[in-house]
Amino acid sequence: MKKMAILIAPLVAAIDYQPAHTIFSLLPDTQVHLVWKDKTSIMAFPGNQPIQATCTFEECPRDLDVLLVPAIPNLLEDVETLSFLEELGQKAHFVTSVCGGSQLLAAAGLLDGYRVAAGVVGSELIIPCGAIPVDANLVEDGNRITARGGSGSYEYAFLLVERLYGKELARQHRTLAEWQPEILSPEDRASHEELKAQPWIQGMIQSIIDGSRAPLEAAGQRLREHKQFATTDQG
């Protein structure tokens, strides 16, 4: 039995976890757990989509095949959540994230020395935590798999199916999902860059960066102090 845990919380980005949740729920002999501190109904982003955890931190299995962290705001200084991720991440077969979920993994000390898919929002902020941003939609480094949001959430899900169940089942699920990605034309790329330059987009990006910078710098400092202490203790 394969076991997957997806961290959820208020304002979790629905597009980051729903592809994996849907695809893995269709797989044979697979348990998919939506995990949060309690089982009260919360709202995902955008559009106030109601969602509810299937198990709490205490109830979540510790022998996970996959730990998935999507983009969730306001958790970078949540000690309980970061400790939970650190515990599970040390044991999970695959430690993974989509979009801004990499910030939470980095703050929990789980991306130190690993290459990470760099999104459009503040990817440089995880550098103090030892992560290495890479300009790619999907990055696999050891047992760490990170993806950008949007189309990256689907590519991530199909790659995990392949790693856990083989290429043929992954191909079948790509077909079932009618997954037919198209390479962006030069015109599309230009339009994409123009969209990111729009004031309302810039404002949203800056707001995320402003809210993440200080907590990630503090997390990086804690990780450096921990490594220095461990080195001294060994000596």
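This report concerns the structure included in the present document. Every value quoted in this text rests on a predicted model; they were computed, and no experiment measured them.

### Digging into unusual backbone geometry
Phase 1 of the analysis: For the peptide bond that leads from F45 to P46, omega is 0 degrees, which places it in the cis range.
Phase 2 of the analysis: Residue placement: P46 occurs in the loop between β3 (42–44) and β4 (49–51).
Phase 3 of the analysis: Positive phi, normally seen in glycine, also occurs at D29, with a value near 50 degrees.
Phase 4 of the analysis: Phi at E178 takes a positive value of approximately 55 degrees, unusual for a residue other than glycine.
Phase 5 of the analysis: Of note, E178 is situated in the loop between α5 (167–176) and α6 (186–196).

### Brief notes about the packing of aromatic side chains
Phase 1 of the analysis: Using the criterion set out here, one finds 4 aromatic pairs in the structure.
Phase 2 of the analysis: Measuring from ring centre to ring centre gives 5.9 Å for W36 and F57, while their planes differ by 90 degrees; the resulting arrangement is edge-to-face. With W36 in strand β2 (residues 30–36) and F57 in the loop between β5 (55–56) and β6 (66–69), this residue pair connects regions lying 21 residues apart in the sequence. Take W36 and F57: they sit in the same class, and that class is buried.
Phase 3 of the analysis: Grouping aromatic residues by their ring pairs yields a cluster made of W36, F57 and F84.

### Remarks on a nonpolar patch on the surface
Phase 1 of the analysis: On the surface, W200, M204 and I208 cluster together to form a nonpolar patch covering roughly 330 Å² of accessible area.
Phase 2 of the analysis: Checked against the element boundaries, W200 lands in helix α7 (residues 199–234).

### A short note on the sheet that holds strand β11 (residues 144–147)
Phase 1 of the analysis: The 7 strands lie next to each other as β5-β2-β1-β6-β7-β11-β10, forming an open sheet whose pairing is mixed. Two strands close off the open sheet at either side, each with one partner strand: β5 and β10 (138–141).
Phase 2 of the analysis: Taken together, the 4 bridges between β6 and strand β7 (residues 94–98) define a ladder with parallel strand orientation. In the strand pairing of β7, L68 is matched with T96.
Phase 3 of the analysis: Helix α2 (residues 79–89) rests against β1 (2–7), β2, β6, β7 and β11 of the sheet, and its axis sits at about 150 degrees to β6.
Phase 4 of the analysis: Sitting on the sheet, helix α4 (residues 151–165) touches β1, β2, β6, β7, β10 and β11, and the angle it makes with β7 is about 165 degrees.

### Notes on the layout of surface pockets
Phase 1 of the analysis: One number sums up the size of the second largest pocket: a volume of about 460 Å³.
Phase 2 of the analysis: Around the second largest pocket, the lining comprises 22 residues; the ones closest to its centre are E86, A107, A108, G109 and L223.
Phase 3 of the analysis: Counting only elements with at least two residues in the lining of the second largest pocket, the list comes to α2 and α7.
Phase 4 of the analysis: With 7 residues, the single largest contributor to the lining of the second largest pocket is α7.
Phase 5 of the analysis: Of the residues in the lining of the second largest pocket, the class split is 10 nonpolar, 5 polar and 7 charged.

### Observations regarding the packing of α4 against α5
Phase 1 of the analysis: Running from N to C, α4 and α5 point in directions that differ by 150 degrees, and their axes come no closer than 7 Å. Considering the angle they form, α4 stands roughly antiparallel to α5. Between α4 and α5 lies a crossing whose hand is right-handed. Residues F158, V161, E162 and Y165 of α4 lie in contact with α5, whose contacting residues are K167, L169, A170, H173 and R174.
Phase 2 of the analysis: Residue composition of the contact of α4 with α5, by class: 5 nonpolar, 1 polar and 3 charged.

### Section: the pattern of salt bridges
Phase 1 of the analysis: Tallied over the entire structure, the rule returns 10 salt bridges.
Phase 2 of the analysis: Here E87 makes a salt bridge to R62, at a shortest N to O gap of 3.0 Å. Note that E87 is positioned in helix α2 and R62 in the loop between β5 and β6, a separation of 25 residues in sequence.
Phase 3 of the analysis: On the basis of relative accessible area, R62 is assigned to the partly exposed category, the value being 26%.
Phase 4 of the analysis: In this structure, R163 engages E162 in a salt bridge whose closest nitrogen and oxygen atoms are separated by 3.4 Å.
Phase 5 of the analysis: According to the relative accessible area criterion, E162 is partly exposed, its value standing at 22%.
Phase 6 of the analysis: Connected via shared salt-bridge partners are K37, D78 and E80.

Conventions we followed
Residues numbered from 1 in each chain as written. Predicted model: local features only at pLDDT ≥ 70, side-chain atom pairs only at ≥ 80, totals over all residues. Heavy atoms only, no water. Helix = DSSP H or I, 4+ residues; strand = E, 2+ residues; numbered from the N terminus. Phe/Tyr/Trp six-rings, centres within 6.5 Å; stacked < 30°, edge-to-face > 60°. Buried < 20%, exposed > 50% of the residue type's maximum accessible area, 1.4 Å probe, protein only. Patch = residues over 30% accessible without salt bridge, like charges linked within 9 Å, V, L, I, M, F, W, Y side chains within 5 Å. Areas by Shrake-Rupley, 256 points an atom, 1.4 Å probe, with all protein chains shown as cover. Salt bridge = Lys/Arg side-chain N within 4 Å of Asp/Glu carboxyl O. Pairing = 2+ DSSP bridges. Contact = heavy atoms within 4.5 Å. Axes fitted to C-alpha atoms, helices over the stretch in contact; angles between N-to-C directions. 1 Å grid on protein atoms, 1.4 Å probe; cavity = no way out; pocket = protein on both sides within 12 Å on 5 of 7 lines; lining within 4 Å. Points joined across faces, edges and corners; volume = space filled by probe spheres on them. Nonpolar A, V, L, I, M, F, W, Y, C, P; charged D, E, K, R; others polar. Parallel < 35°, antiparallel > 145°, perpendicular 65-115°, else oblique. Left-handed = near helix turned anticlockwise from the far one by under 90°.

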